[in-house]
Structure formats: C-alpha cells, structure tokens
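A closer look at the structure
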Amino acid sequence: MRRLLPLLVIAAVGACAHEGDEPMIILGNTAQMEGSVTCSFTGDPTQPITTSGVISTVSPSGYLASPLIQSRITGTTDNELERTIEIQGAIVQLSVPNGSQPIDLDDNEAAFQALFSASVPPQSSVNVTFDLIPSSVVAKVAGLGSGSPVEVELVAQVTVYGLLGGDRVTAQPWQYPVTICNDCVVSNDGVCPLTTTTIRVGDPCNIFQDGVVDCCTNPTTGALICPGPTM
C-alpha cells in the first residue's frame, strides 16, 4: 500500500534517530537466485544483492524492491521478544539525479509511505517487499518514448521505521538507483511462436525488471507476449 506523505511527517520520521545510531540497517536489495521460478526470499544475509535496478516501460506494475534489513540490537533468549523490532513501513523519497533525462513527479510520487510489516529479532535479518517506483512513474516514462530510446534514472531514498519496546525507531537511510527504459529487459524476438526451446523468462517477482525476458508478437493482434510461447 502506498500513501501520500506530508513533508512534515517525512521530517519527523527522519529525525527519530541520529545517523549511525539506528537500531537497524538495510544491507541491500536482494536479488533472486539464478534459476528461481518463484518470488521468494529467505532473510539470509548470504543472498545475492543488487546495487541498482532496471525496469522496462512495458511493465504494468512498479519496481518491486526486496531490501534485506539487519537488526543491530543485541539480546538474549530471556529478552528476545522485547528486543525484537516490529517493522511497520518505509518513507520513500524519489529524485532525478543530474545528468538523467528529466521527468516531473507528482507530490504523491516524489514522497510517499510504503506500508508493510515484518519482525526482526536481535542480530537477525529479514526481507521485506514493496513498490519502490510507482507504476504511474513507469507509465510517465513510457509516454516519453515516441519511437526513440528513453532512459530515466531515479534515486530512491528509503527510511524504514517501526517499533522497539513501544518506541518509534528508524533505519539508517538507504539509497537505491533505478533506471526506467524502453530499450531494456524486454527482448522482442519476432513473431510468435519462438523457434528456440530455451527462453529467458525474467525475474519471477516482475518479469519486466532486473533481468531479460524473451518475448514475441502475436501474429494476429501484434500484441507483445512475455515470455513468448515456443513451438
């Protein structure tokens, strides 16, 4: 769920902890294991991490982030429950860096609240998932195409928040760049069906992001089909 967030609330959440003293930290955006066919995460710190994201303008949904959150809290078996952080959501702020093709963001796209829930015990880690780039922003970039290649980079600043012992706590702010483009991820391999027996099926969380998906066009309607059917 995504909600418009007033700047006053953003400032208040960001001021809940001094940077460097936060009780939790985002280690990175978790990538799917090679060969994964389902969208699932384990919370294990050894999972692969991506340093940036990419999403095609063909995608009907937004960019799905899957950050791995690590607790910095120490605890014992006697007080583990009291020292568990109850994560409630994140404040997301989007900006267009210098050098990228400009795009106008509405207020509810530039700053919003992503709601989700998870628990992270002391010195443990957990994955959460939420839309980091709204589908409306992807659609805006798609409208810039006009038959020519388009790439728009956005930088997301994410501040995860929750409760620890009844007190509001935040994670250290995390930045993650995502490129929205009309010439990436999707490989249009011609008219369906595809003649190859091995096709790339894309990321199982969203086949239009962070990978390659082999597609083809319907011979009757011209519609793009992803992944493309084979003979």
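In case you missed it, the structure is sitting above this.
Now for a description of the structure that goes with this document. (Residues numbered from 1 in each chain as written. Predicted model: local features only at pLDDT ≥ 70, side-chain atom pairs only at ≥ 80, totals over all residues. Heavy atoms only, no water.)

Section: the packing of aromatic side chains
Going through the model one piece at a time under the given rule, you end up with three aromatic pairs. Here Tyr63 and Tyr176 contribute two aromatic rings whose centre-to-centre distance is 6.1 Å and whose plane-to-plane angle is 35 degrees, an arrangement assigned as tilted. Taken together, the residues Tyr63 in strand β5 (residues 63-65) and Tyr176 in strand β13 (residues 174-181) connect sequence positions 113 residues apart. Given the relative accessible area of 0%, Tyr63 is considered buried. Note on Tyr176: relative accessible area 2%, which makes it buried. Judged by centre distance (5.1 Å) and plane angle (10 degrees), the rings of Phe116 and Phe130 are stacked. Remark: Phe130 occurs in strand β10 (residues 130-133) and Phe116 occurs in strand β8 (residues 111-120); sequence separation between them is 14 residues. This pair shows no difference in class: Phe116 is buried, exactly as Phe130 is. Every member of this aromatic cluster is reached through a ring pair, and the members are Tyr63, Trp174 and Tyr176. (Phe/Tyr/Trp six-rings, centres within 6.5 Å; stacked < 30°, edge-to-face > 60°. Helix = DSSP H or I, 4+ residues; strand = E, 2+ residues; numbered from the N terminus. Buried < 20%, exposed > 50% of the residue type's maximum accessible area, 1.4 Å probe, protein only.)

Some remarks on the environment of Gly162
By secondary structure assignment, the location of Gly162 is in strand β11 (residues 151-164). When sequence neighbours within four positions are dropped, the list of residues in contact with Gly162 reads Met24, Glu86, Ile87, Gln88, Asp167, Arg168 and Val169. (Contact = heavy atoms within 4.5 Å.)

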